[in-house]
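Listed below are the residues making up each chain.
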Amino acid sequence: MQFKDVLVSQKLKEQLLSQVHEHRISHAQFFLAQPGSHAFALAVALAQYLCCEHPSDTDSCGTCPSCIQFSKLSHPDLHIYFPNCTTKTIKKDPDSIQLAQEFKDYVIENQYHIDMQDWLTVLQGENKQPSINIRDCSHIINQNSMRSYMGGYKTYILWSVDRLHHAAAPKLLKTLEEPDGKSLFILISEKPDQILSTILSRTQLVKIPKLTDEELQTALQEAIPEMDAATARDITAIADGDYNKALQIYRNNAEQRDMIDTFDAMMTSIVAFAHQRPAGEINYAHVQELFGDIVSQGREKQKAFVNIILRMLRNLLMQNAGANALVKVTDQESGILSTFRDLNLKHITKMTEECNKAMYHIGRNGNTAIILTDLYFKMAGCLADK
Ligand SMILES: [Zn+2]
């Protein structure tokens with residue numbers, strides 16, 4: 001991770017760089033992060049800069065052997081600790097070292113935009129209380145007593161240090177106060193009130209502010225080139241400087257739009273099929289293709305899809321009954337609904353009943369491919385009645 005790719009203000013980067021240039025780098029720093037800020041990336045960028053073989057005044061080179069190792073988070077003098085718990089593969093005595101590869105993969109896959117809730121999902125530890133535990137602290141202390149592998153700085157990043165187990169924390173105090181040799185400890189957290197004051201008092205505070213709306217909007221458009229300016233502006237307005245939240249809103253929107261598109265394709269196909277009866281041929285492959293994406297996802301997504309059909313049918317009912325003031329849809333949805341003006345109230349009511357039955361069966365763990373295919377033909381059947 002180079003400074004140029006870290007999403008924080010230029011001023012903050014310069015502040016850290018000047019510490020390095022003036023040889024007054026504090027050996028224990030507390031990065032007080034705002035939710036969704038790029039604090040972990042900043043910590044790695046600083047460590048990488050300190051170890052780079054050809055740094056410029058403003059950044060690491062990105063190409064020397066040390067930088068290459070940093071890009072994989074595999075530099076031998078970079079030590080990362082994070083909340084951990086037992087998992088499917090680690091049944092007993094978990095620690096950060098055993099889960100290191102999972103964590104590194106998670107960080108790199110998400111371009112360093114990491115979040116405790118997401119990490120819990122990766123760990124599949126939603127109902128657990130992951131912590132940086134006493135074994136982690138022992139590793140840190142032992143490790144710190146050894147020499148650096150490459151002769152330069154040893155960096156210890158403790159991510160989400162608010163989850164440092166309180167019984168384990170006192171073990172670290174001496175190391176934080178008098179670390180061995182050229183050591184840099186970077187403690188990261190969004191929740192300073194949950195950290196022991198004895199730990200905080202041994203660190204220098206670095207505040208990582210949230211992104212301004214302008215910075216967030218630019219970052220979103222760079223990360224997702226297909227996002228248009230209007231969408232980026234809308235999302236930025238809601239996300240409050242939190243990059244992770246912005247991304248979540250975007251993904252949910254995209255998923256929603258995909259499902260609406262599937263609804264459109266399904267209804268168009270149902271109407272066409274109903275009109276060609278009884279001569280029409282039943283094309284099962286086509287119907288299965290329609291629902292392929294939905295079926296491949298989890299049950300919650302399938303329920304969400306049927307809920308979208310129900311919501312669209314309700315709006316269609318209002319539209320076709322002339323109650324336009326009660327139609328609550330986006331522009332995209334309104335365009336779709338207008339193509340189904342011919343459906344009468346009886347058709348729509350019957351279709352709604354079929355959707356409710358499908359929802360019931362999905363909830364009872366029925367085979368979704370069969371349930372949705374069946375729903376398709378039942379809905380087409382509803383149109384057969386005059
Ligand atoms: Zn380098």
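Residues numbered from 1 in each chain as written. Predicted model: local features only at pLDDT ≥ 70, side-chain atom pairs only at ≥ 80, totals over all residues. Heavy atoms only, no water.

1. A short note on the domain arrangement of the protein
Logical step 1: Segmenting the protein into domains produces domain 1 (3–210), domain 2 (211–241) and domain 3 (253–384).
Logical step 2: One C-alpha centre belongs to domain 2, the other to domain 3; they are set 32 Å apart. (Domains from an automatic or database assignment.)

2. A word on helix H1 (residues 10–21)
Logical step 1: Here H1 spans 16 Å end to end across 12 residues, near enough to the 16 Å set by a 1.5 Å rise per residue.
Logical step 2: Listing the buried residues of H1 in full gives Leu12, Lys13, Leu16, Leu17, Gln19 and Val20. Taken around the axis of H1, the buried residues stretch over an arc of 150°, which confines them to a single face.
Logical step 3: Looking at the buried side of H1, the elements it contacts are strand S1 (28–33), helix H2 (39–51) and strand S5 (204–208).
Logical step 4: Of the residues trailing H1, His23 is marked for its positive phi of about 50°. (Helix = DSSP H or I, 4+ residues; strand = E, 2+ residues; numbered from the N terminus. Expected span 1.5 Å × (residues − 1). Buried < 20%, exposed > 50% of the residue type's maximum accessible area, 1.4 Å probe, protein only. Arc of directions from axis to C-beta. Contact = heavy atoms within 4.5 Å.)

3. Some words on unusual backbone geometry
Logical step 1: The phi angle at Gln111 is positive, at roughly 50°, despite the residue not being glycine.
Logical step 2: Tracing the backbone shows Gln111 in the loop between helix H4 (100–109) and helix H5 (116–123).
Logical step 3: With phi around 70°, Tyr112 is a residue other than glycine that occupies positive phi space.
Logical step 4: For Tyr112, the position within the fold is in the loop between H4 and H5.

4. Examining the coordination of the zinc ion
Logical step 1: Within the protein, Cys52 (SG), Cys61 (SG), Cys64 (SG) and Cys67 (SG) serve as the donor atoms for the zinc ion, at 2.3 to 2.4 Å.
Logical step 2: Between the 4 donor atoms coordinating the zinc ion, the angles at the centre fall across 103 to 120°, so the site counts as tetrahedral.
Logical step 3: Motif for the zinc ion, donor spacing along one chain: C-x8-C-x2-C-x2-C. Of the two residues, Cys64 and Cys67, both sit in the buried class. (Donors = N, O, S within 2.8 Å, 3.2 Å for Na, K, Ca; no water. Tetrahedral: all angles 85-135°; square planar, octahedral: opposite > 155°, others 65-115°.)

5. Notes on helix H15 (residues 345–363)
Logical step 1: Spanning 19 residues, H15 covers 27 Å between terminal C-alpha atoms, matching the ideal 27 Å at 1.5 Å per step.
Logical step 2: The set of residues buried in H15 consists of His347, Ile348, Met351, Glu354, Cys355, Ala358, Met359 and Ile362. One side of H15 carries all its buried residues, which in axial view fall inside an arc of 145°.
Logical step 3: Buried-residue contacts for H15 involve helix H11 (243–275), helix H13 (299–320) and helix H16 (368–384).
Logical step 4: Its side-chain oxygen 3.1 Å from the backbone nitrogen of Lys346, Asn344 forms the N-cap of H15.
Logical step 5: Backbone geometry just downstream of H15 places Asn365 in the positive-phi region, at approximately 65°. (Polar contact = N/O pair within 3.5 Å; in protein donor to acceptor, adjacent residues only side chain to side chain.)

6. As for empty space enclosed by the protein
Logical step 1: Taken as a whole and assessed by the stated rule, the structure comprises 1 cavity of 30 Å³ or more.
Logical step 2: Taken as a whole, the largest cavity spans an internal volume of roughly 30 Å³.
Logical step 3: Lining the largest cavity are Val161, Asp162, Leu164, His166, Ala169, Gln194, Ile195, Leu196 and Ile199.
Logical step 4: Each residue belonging to the lining of the largest cavity can be placed in one class, and the counts come to 6 nonpolar, 2 polar and 1 charged. (1 Å grid on protein atoms, 1.4 Å probe; cavity = no way out; pocket = protein on both sides within 12 Å on 5 of 7 lines; lining within 4 Å. Points joined across faces, edges and corners; volume = space filled by probe spheres on them. Nonpolar A, V, L, I, M, F, W, Y, C, P; charged D, E, K, R; others polar.)

7. Notes on the packing of aromatic side chains
Logical step 1: By the definition in use, this model includes 15 aromatic pairs.
Logical step 2: Here the aromatic rings of Tyr376 and Phe377 are separated by 5.0 Å at their centres, their planes lie at 80°, and the arrangement is edge-to-face.
Logical step 3: Taken together, the ring pairs in this structure connect Phe40, Phe82, Phe103, Tyr106, Tyr112, Trp119 and Trp159 into an aromatic cluster. (Phe/Tyr/Trp six-rings, centres within 6.5 Å; stacked < 30°, edge-to-face > 60°.)

8. Topic: the environment of Glu215
Logical step 1: Along the chain, Glu215 turns up in helix H9 (residues 213–223).
Logical step 2: Between the alpha carbons of Glu215 and Asp374 there is a distance of 48 Å; along the sequence they are 159 residues apart.

9. Some words on the sheet that holds S5
Logical step 1: Taken together, the 5 strands give an open sheet; going across it, the order is S2-S3-S4-S1-S5, and neighbouring strands pair in parallel fashion. With one partner strand each, in any of the chains shown, strand S2 (78–81) and S5 form the two edges of the open sheet. Mean inter-strand twist for the sheet, computed between neighbouring axes without regard to direction, equals 20°.
Logical step 2: Across 5 bridges, S1 lies against strand S4 (residues 183–189) in parallel orientation. Bridging from a neighbouring strand, Phe31 pairs with Ile188 of S4.
Logical step 3: Where helix H6 (residues 134–144) meets the sheet, it contacts S2, strand S3 (154–159) and S4, and its direction lies at approximately 170° from that of S3. (Pairing = 2+ DSSP bridges. Axes fitted to C-alpha atoms, helices over the stretch in contact; angles between N-to-C directions.)

10. Considerations on the nonpolar core
Logical step 1: Core analysis: the largest hydrophobic core is formed by 48 residues, its most contacted members being Phe31, Phe40, Leu42, Leu46, Phe103, Trp159 and Ile188.
Logical step 2: Excluding residues within four positions of it along the chain, Leu46 makes contact with Phe3, Leu16, Val20, Ile25, Leu184 and Ile186.
Logical step 3: The next biggest cluster of nonpolar side chains, apart from the first, holds 40 residues, and it includes Met267, Val306, Ile309 and Cys355. (Core = buried A, V, L, I, M, F, W, Y, C linked by side-chain atoms within 4.5 Å.)

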